[in-house]
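Secondary and tertiary structure notes
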Amino acid sequence: MKELTQVLKIVLNKSWMLSDESVEKTLREDVLVVHRALNERTKKASRILLEDIFSSSNIIEIGLVPFAETVKEGLKKGIESKKKWLLCIDADVLVSKEGIKKLFENACLMHENVFEIQGLILDKFFGILRPAGNHLYRVELCHLALNKIPDSLRPETDMMNQMALDGYPRMQCDALVGIHDFEQHYLDIYKKCFLQAKKHRTHRKELRRFWADNTAKDFDFVVALLGEMAGSIYENEITVDAGEIYRISKSVINIDWLPEKSKNYSNSDLVKYVKEKIDSHDYKSVKNFQEKMFPQSRWNRIVDFKILRSQNRPSFLKKVVYKIGLLLEKVGAQLKLADL
């Protein structure tokens, strides 16, 4: 563990960094990229940006349901490739080359027991920097994770947590690898926010406020509010199965009346688009939510079994308060729906 801590300190202090030539060589030769895609509106744009960084022959597309199958198949392809690294990028992420290079700079300095390294994305519907849609796995450890992927609400996170408990931690770094959930189809936004109502129950209040503040300038946020409301009303548990989420969410609030965007998002200068979104974002307005949901104290750290065990010990009082909060959320959502 001492060796692991020393390596992490080197990275955080940035007293020594890999040369650009070394990083470029790694990107060209040592990486299999799994582009995880279904029918995202940015699927083509996301691929174009990846091909600007990696050889197209080292990029494959996987899109299986439920999502746990996509995770498992990606690990298998990584093992078959015999590459050093497996980079999984979701098709609703538009990557930044600078951020990807920084992610690999961090990864190449990590101890050999570190299973996964993750960067940050600018998330449209959270308004903050958070980890999502990008995972860099050490291929030589992937075989250990194949039987640790549950069919749950968070199959990939649950898998990584189990690997960490088994002695193969993950590293969260501050590399801003791109932007997430921009330019998506209305139906996909609705389904995504239906799911977020289940995954991020403790942050519903902040999300609703953020979305409501942005509805006047972007209809995407109106759709987000509808999806979250439907997810709040629906009582049963769900899995990350796109087809199931579609059927269930539409049964709560019918959104067939929504207009549709063009099938594929296109932009003549995707690199410029991503940079402008990152540079022009109003980070100050979401400072409090950033600190509450994913503060900087959680960046640049190793997530190991000690951290996970401490996180999994909620007190009895916290459990009671959480249950009461869920009940109030459900009643409130039903009252709002009745007013529509």
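Residues numbered from 1 in each chain as written. Predicted model: local features only at pLDDT ≥ 70, side-chain atom pairs only at ≥ 80, totals over all residues. Heavy atoms only, no water.

**Points about the pattern of salt bridges**
Where we set the bar: Any Lys or Arg side-chain nitrogen found within 4 Å of a carboxyl oxygen on Asp or Glu counts as a salt bridge. Every helix listed is a DSSP run of H or I at least four residues long, and every strand listed is a run of E at least two residues long, numbered separately from the N terminus. Here the term buried applies to any residue with accessible area under 20% of the maximum for its type, exposed to any over 50%, and partly exposed to those in between, with areas from a 1.4 Å probe on protein chains only.
Applying the stated criterion to the full structure yields 22 salt bridges. Close ionic contact of Lys191 with Asp188 constitutes a salt bridge, the shortest N to O distance being 3.5 Å. Of this pair, Lys191 and Asp188 both sit in helix α7 (residues 186–199), separated by three residues, roughly a single helical turn. The class for Lys191 is buried, based on a relative accessible area of 16%. Of the residues examined, Asp188 reaches a relative accessible area of 22% and is grouped as partly exposed. In the salt-bridge network here, residues are joined through shared partners; they are Lys124, Asp218, Asp220 and Lys261.

**Let's talk about the packing of aromatic side chains**
Put simply, the rule is: Aromatic pairing here means that ring centres of Phe, Tyr or Trp (its six-membered ring) are within 6.5 Å. Orientation follows from the plane angle: under 30 degrees is stacked, over 60 is edge-to-face, and everything else is tilted. Sitting over a ring, as applied to charges here, requires NZ of Lys or CZ of Arg to be within 6 Å of the ring centre and within 35 degrees of the ring normal.
With the rule as written, the count across this model stands at seven aromatic pairs. By way of ring pairs, the aromatic residues Phe125, Phe210 and Phe221 are connected into one cluster. Positioned above the aromatic ring of Phe126 is the side chain of Arg130, whose terminal nitrogen or guanidinium carbon lies 4.0 Å from the ring centre. Its guanidinium or amino end placed over the ring of Tyr186, Lys261 lies 4.6 Å from that ring's centre, counting from NZ or CZ.

**What to know about the pairing of strand β7 (residues 134–138)**
Rule in force here: A pair of strands is labelled paired if DSSP reports no fewer than 2 bridges between them.
Burial of β7 is extensive: five of the five residues sit out of reach of the surface. Note: strand β3 (residues 85–90) against β7, five bridges, orientation antiparallel. Residue pairing for β7: Cys88 is matched across the bridge by His135. The pairing of strand β5 (residues 116–123) with β7 spans two bridges and is classified as antiparallel. Looking at the pairing, Ile117 lines up with Leu136 of β7.

**Things to note about unusual backbone geometry**
Of note, the bond from Val65 into Pro66 is cis; its omega dihedral lies within 30 degrees of zero at 0°. Within the secondary structure, Pro66 sits in the loop between β2 (59–62) and α4 (67–81). For Glu183, which is not glycine, the phi dihedral falls at a positive 65°. Along the chain, Glu183 turns up in the loop between β8 (170–180) and α7.

**Description of the packing of α4 against helix α6 (residues 155–165)**
Here is the rule we go by: Note on definitions: angles span 0 to 180 degrees between N-to-C directions of axes, and those axes are lines fitted to C-alpha atoms, for helices only across the stretch in contact. Note on terminology: angles under 35 degrees are roughly parallel, angles over 145 are roughly antiparallel, angles of 65 to 115 are roughly perpendicular, and the others are oblique. Note on definitions: a residue-residue contact is assigned when non-hydrogen atoms from the two residues lie within 4.5 Å. Note on residue categories: nonpolar means Ala, Val, Leu, Ile, Met, Phe, Trp, Tyr, Cys or Pro, charged means Asp, Glu, Lys or Arg, and polar means any other residue, Gly included.
At a closest axis distance of 9 Å, the pairing of α4 and α6 adopts a crossing angle of 50°. Between α4 and α6, the angle falls in the class oblique. Of the residues in α6, those touching α4 at Phe67, Ala68, Val71 and Leu75 are Pro155, Glu156 and Met159. When grouped by side-chain class, the residues that make up the contact of α4 with α6 number six nonpolar, no polar and one charged.

**Details of helix α5 (residues 97–107)**
Count 3.6 residues to each turn of an α-helix, and residues three or four apart come out pointing the same way. The element α5 is largely enclosed, with a buried count of eight among its 11 residues. Taken as a whole, α5 has its buried residues at Gly99, Ile100, Lys101, Leu103, Phe104, Glu105, Asn106 and Ala107.

**Some thoughts on the environment of Lys124**
What counts, and what does not: Counted as a polar contact is a pair of N or O atoms within 3.5 Å, where, for protein atoms, one must be capable of donating a hydrogen and the other of accepting one, and residues adjacent in sequence contribute only when both atoms are in side chains.
Take Lys124: it is sitting in the loop between β5 and β6 (129–130). Residue Lys124 is classed as buried on the basis of its relative accessible area of 11%. Taking the C-alpha atoms as reference points, Lys124 and Phe221, 97 residues apart in sequence, are found 9.5 Å from one another. Setting aside residues up to four positions removed in sequence, Lys124 forms contacts with His180, Asp181, Phe182, Phe210, Asp218, Asp220 and Phe221. For Lys124, the side chain forms a polar contact with the side chain of Asp220, separated by 2.7 Å.

**Observations regarding the pairing of β2**
The line we're drawing: A right-handed crossover is one whose linking path, passing over the helix from the first strand to the second, runs clockwise when the strands point away from the viewer.
Direction of pairing for strand β1 (residues 31–36) relative to β2: parallel, over a ladder of four bridges. Bridge assignment links Val34 to a residue of β2, and that residue is Ile60. For the crossover that starts at β1, traverses helix α3 (residues 43–51) and ends in the parallel β2, the hand is right-handed.

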